[in-house]
Amino acid sequence: MRISALTVDAQPSGCLTDEQPRIAFALDSDRAGESLASARITVGDWRVDTTDQVGTVYDGPLEPRTTYPVHVEATGESGERAEASTSFRTGRLDTPWVARWITDAAYDSPAKQSPVPMVFRRRFHTRPGLVRAWVEVTALGVYEFDLNGEKVGDDYFAPGFTSYHHQLQYQTYDLAPVEGENTAVVTVAGGWAVGSFTHKRKNTIYADRQALLAEIHLVYADGTTDIVATGPDWNVSTDGPFRMAEWYDGETFDATVTADAQTWKAADVTAPKGRPRILAQYGAPVRAQRVLTPVAQTVAPSGEVVFDFGQNVAGVIRARLRAERGQTVVFRHAEVLVDDELFVTSLRTAKATATYTCVDGEQTYSPRLTYMGFRYVGVRGIRPEDLEIETVVLHSDLPETGEFSCSNDLVNRLQSAIQWGGRSNFVDIPTDCPQRDEREGWTGDYAVFAPTASYNFDMSRFLAKWLRDVAAEQGRGGGIPMVVPRAGNPFPVMATATWGDVCILAPWAEYLARGDLRMLREQYPVMKRFLKAAGWWSALLSVGRHNRRIWRYPFHFGDWTAPDTDVRGWLRRGRWVATAYLAQSYAIVAQIADLLGRADDAVRYRRLRGEVVAAYREVFTDGRGRLKTEFQTGYVLPLAFGMTSGEETEAMADNLSRLIAEAGGHLATGFPGTPQLLFALSENGRVDEAFELLLQTSSPSWLYMVESGGTTIWERWDALRPDGTVNIADLGGGSDEDSGGGMVSFNHYAAGAVGEWLYRRVAGLEPLEGGYRRFRVAPLLGGGLTSAEGSVLTPYGRARSSWTLADGRFTLEVDVPVSTSCTVELPDGTRHDLDSGSHELVCAVV
Ligand code: BGC
């Protein structure tokens, strides 16, 4: 037996925290049926004996800036033993900052624009005998810290995006100063705190101007320590090489600007608005994750040289250029080409342009204080032979935990597009899209994508960070903002279905995947407040027992993006969607209440769910499974959420089938219905129809996107129409600033939520208990598939289901991690209980 993984706060090494961390470990063994008998976890003098591999919280004392060794000794049921060690470090904890916030108090951002990046500079000396140096640093804005001309650390967009009134992360980077004089230069762009954000281009949302807080710690062999802290002895300049940097418009960098030519003055001491808690980074940092080279190069009719990177991503270009001083090169970005030109209308006000002014000779440029969502880059101002260009893919550091593939290549391309949709929208917060003037933390998008996200990625650190903001920004009445962090979003905070349900659906999906109750425990009060608000709004202005459980007010996005109607139609379906999601949220929170030992709550939520289910039937249907107002999502949700029974189920499934047939074998679901559509069919005896929809290739369908060249998931099913035009329909009215570019993105992950069905039903792999401690493998056959494989790196190790179908013989391989158990259901109806180990099962299929 071996310890195959040992993590502190989901990190195998390098954890630095200001909070009580969680320790987890996975075991590996050649012995079939092995399982943990007990483990001793030691952290210094602290120790605990446990039978849990996941979620052990170190609750011993913490001293600032201290390294804590962690040791795990595990004993298996077989008597075999294994051990492993790691460590974590603490950050400042409550140590008061010696540093003071600094800014340029004379600078004001122009209206609706991002401020010019501020550059802060400080020279400092080190004496001989330096043994360690590090910096603790944060900013209002996003910063880049350079020491002696070299970037420190490999994070992008530090300190990260949080609800800055409540919490702000700081980073700790080890430094390697030279002996003698050193220069620290920190560029702070407006970022989310000060820069222009939302399509309304609000600016100075959290602070009037950028500010920096930093302490450079120098420790010498003789035991002395120097701290170089931000204060009035730092210099500031607003005419550095970064002339412009912001989310939507991009970056303008003038390499001819040298530090000597800049105007420097003493920095001003300032104080941030509000009193955020300043905590050691607890989210997953954004980093360069991979590099793509162009797959094609063309010249557009306009003369622009166009590079195709073959994949829609979030990231930045990296260019090696041979150029002359003063030569300006412009890089524009787009997701699609129309008539061989970059199509940028859908970016709306976002310019998504990097402009670089060169020095003489060979040089490299890559934006550092912005990112774009793109597949194509158009370049002007340089001869192609003087340019080498690549794309640096940026997203939060999320371990990729899931893999799915099958014998149908188009479905594999869909799976790839789903994963890329996640990668490009997990840029510090879950965004709706990475390209246009939005890139906001729309809650509904993540709510529906959560299970798929948690299959494909270890979301734990990323989500823990974002859910902290969800909790912090929950309204007093229990509403959840539609966008978190709100960051200038104009919608009032209110309880709204699907979007607000994120406070339940996101932690629940992550719990099932990772098995750590802590996230559920922390979010439980948020869930309860949200459900209370939903219940209150349902009862408002309602007459009659059943109407009191129909959730209509104050506002719902309804069947958002359903292809059979427009925005008015989406909103009109609000109460069906809201009522069904409410039933489901009650059901989930009842299960969470059981897990947390809140029996009374569980009983109450089950009762409320029953009432909502009855109300849906009474108010919306004829009582025999037919909706008075029919639309696909209206059938999908009750069927998928188990809100129907007996003949009613049959009738509803028939009616859903009929609507699909009437739509020519097409789906017509929006954000809330799409993730549930195939479940609604497959759980109710219509496996073939589920596969037909999955494999449909004409619009609207998943594979239409893929066949039309989509490498990520689209916001609208027909974003690119069969005739090659882009569907830039806006939300109607046309008076809003967002009309013109319409509402169409080629990188919205919501419809990719079908990924859950691929893992759960096609590969057949699904958790029955948190973290796959117990799981099920029950593949569904259909769609002509002859093989499929899904695997997930669970906290206990890799769980895998891989099957082939040949000559009437079904062969299934299953890997069951140590300490877990699995129930297999084969296509012939037989059930098999498996302990840990690798297994092969075979049956005949007629
Ligand atoms: C966003 C969506 C979001 C929606 C809410 C859009 O502009 O891009 O994905 O959930 O608004 O209505």
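Asker: Got a minute to help me understand the environment of S585 in this structure?
Answerer: If you trace the backbone, S585 turns up in helix α8 (residues 574–595). For S585, a relative accessible area of 1% gives the class buried. A sequence separation of 541 residues divides S585 from G44, and the C-alpha atoms of the two residues are 42 Å apart. Excluding anything up to four places from it in sequence, S585 contacts D501, I504 and L531.

Asker: For this particular structure, what's the right way to read the packing of aromatic side chains?
Answerer: For any two aromatic rings, the description comes down to two numbers: the centre-to-centre distance and the angle of the planes. The final tally for this structure, using the stated rule, is 55 aromatic pairs. Judged by centre distance (6.1 Å) and plane angle (90°), the ring pair of Y704 and W714 falls under edge-to-face. Taken as a pair, Y704 in helix α14 (residues 702–707) and W714 in the loop between α14 and α15 (755–762) lie far apart in primary sequence, ten residues in all. Take Y704: its relative accessible area is 7%, and that puts it in the buried class. Among the aromatic residues, ring-to-ring pairing joins Y156, F157, F161, Y164, W192, F197, Y206, W247, Y248 and Y371 into one connected group.

Asker: Please clarify how the sheet that holds strand β41 (residues 809–816) should be interpreted in this entry.
Answerer: Backbone hydrogen bonds are what pair the strands of a sheet, in a parallel or an antiparallel way. Reading across from one edge, β34-β39-β40-β41-β44 is the order of the five strands in this open sheet, with antiparallel pairing throughout. Every interior strand has two partners, whereas the edge strands, β34 (402–406) and β44 (837–844), have only one. Taken pair by pair, the neighbouring strands of this sheet meet at an average axis angle of 5°, ignoring direction. Relative to strand β40 (residues 797–806), strand β39 (residues 787–794) is paired through eight bridges, and the arrangement is antiparallel. Residue pairing in the sheet places E789 in a bridge with S802 of β40. Seen against the sheet, α15 touches β34, β39 and β40 and runs at an angle of roughly 75° to β34.

Asker: So what exactly am I meant to see when it comes to the site of the ligand here?
Answerer: Inspection of the region around the ligand gives D432, R436, E438, W442, D445, W499, F557, W560, F671, E715 and H748 as its neighbouring residues. Side-chain polar atom of W499 to an oxygen atom of the ligand: 3.1 Å apart, as the coordinates give it. Within the complex, the protein chains bury 95% of what would otherwise be the 300 Å² of accessible surface of the ligand. Grouping the constituent residues of the shell around the ligand by class yields five nonpolar, one polar and five charged.

Asker: So what exactly am I meant to see when it comes to the sheet that holds strand β10 (residues 118–126) here?
Answerer: The strand order β13-β12-β15-β10-β18-β21 describes an open sheet built from six strands, whose pairing is antiparallel. Two strands in the sheet have a free side with no partner beyond their single neighbour: β13 (150–151) and β21 (265–266). The pairing of strand β12 (residues 142–147) with strand β15 (residues 180–189) spans six bridges and is antiparallel. Paired with V142 across the strands is A189, a residue of β15.

Asker: Is there a simple way to explain the pattern of salt bridges in this structure?
Answerer: Pairing of side chains with opposite charge becomes possible as their charged atoms draw close. Evaluation of the coordinates by the stated rule reveals 74 salt bridges. Between R287 and D397 there is a salt bridge; the shortest N-O distance is 2.8 Å. Taken as a pair, R287 in strand β24 (residues 286–292) and D397 in the loop between β33 (387–396) and β34 lie far apart in primary sequence, 110 residues in all. Judged by its relative accessible area of 25%, R287 is partly exposed. The partner of E304 in a salt bridge is R380, and the shortest N-O contact between them spans 3.8 Å.

Asker: Help me understand the confidence of the model for the protein chain, please; the structure alone is not making it clear to me.
Answerer: In regions of low pLDDT, the predicted coordinates are not meant to be interpreted in detail. In the predicted model, the protein chain carries a mean pLDDT of 96, and 99% of its residues have values of at least 70. Ignoring residues within four places in sequence, the model shows residues 733–739, a span with pLDDT below 50, making nine contacts including any to other chains.

Asker: Quick question: what am I supposed to make of the side chain of R716 here?
Answerer: Within the secondary structure, R716 is located in the loop between α14 and α15. No salt bridge is formed by the buried R716. Its closest oppositely charged neighbour is E715, at 5.6 Å. A distance of 2.6 Å separates the side chain of R716 from the backbone oxygen of M743, its partner in a polar contact. Ignoring anything within four residues of it in the chain, the contact list for R716 reads W570, N727, A729, D730, M743, V744 and S745.

Here is what the cut-offs are and how they apply
- In this numbering scheme, every chain counts its residues from 1 along its sequence in written order.
- Local features are withheld for residues below a pLDDT of 70 in this predicted model, meaning they are given only at 70 or higher, and side-chain atom pairs are given and counted only at 80 or more; totals for whole chains, interfaces and linings count all residues.
- As a rule here, side-chain values cover all heavy atoms of the structure and leave hydrogens and water aside.
- Elements are defined by DSSP. Helices are runs of H or I of four residues or more, strands are runs of E of two residues or more, and each kind is numbered from the N terminus.
- Classification of residues uses two cut-offs on accessible area relative to the type maximum, computed with a 1.4 Å probe and protein chains only: under 20% is buried, over 50% is exposed, and between them is partly exposed.
- Here a residue-residue contact requires only that any non-hydrogen atoms of the pair lie within 4.5 Å.
- Only Phe, Tyr and Trp rings are paired, with Trp represented by its six-membered ring, and only when their centres lie within 6.5 Å; those with planes under 30 degrees apart are stacked, over 60 edge-to-face, the remainder tilted.
- Two strands are said to pair when DSSP picks up at least two bridges between them.
- Lines fitted to C-alpha atoms define the axes here, with helix axes fitted over just the stretch in contact, and angles between the N-to-C directions of these axes take values from 0 to 180 degrees.
- A cutoff of 4 Å decides nearness: a residue is near a molecule or strand if any of its heavy atoms lies inside that distance of it.
- Side-chain atoms alone can form a polar contact between residues adjacent in sequence; in general such a contact is a pair of N or O atoms within 3.5 Å, and within protein one must be able to donate a hydrogen while the other accepts it.
- Calculation of accessible area relied on Shrake-Rupley with a 1.4 Å probe; when residues are assessed, cover is drawn exclusively from the protein chains displayed.
- Nonpolar residues are Ala, Val, Leu, Ile, Met, Phe, Trp, Tyr, Cys and Pro. Charged residues are Asp, Glu, Lys and Arg, and all others, Gly as well, are polar.
- What counts as a salt bridge is simple: a side-chain nitrogen of Lys or Arg found within 4 Å of a carboxyl oxygen of Asp or Glu.
- What pLDDT conveys is the predictor's confidence in a given residue, as a value from 0 to 100.
- By the counting rule applied here, Lys and Arg register as positive and Asp and Glu as negative, while His and the ends of each chain are not counted.

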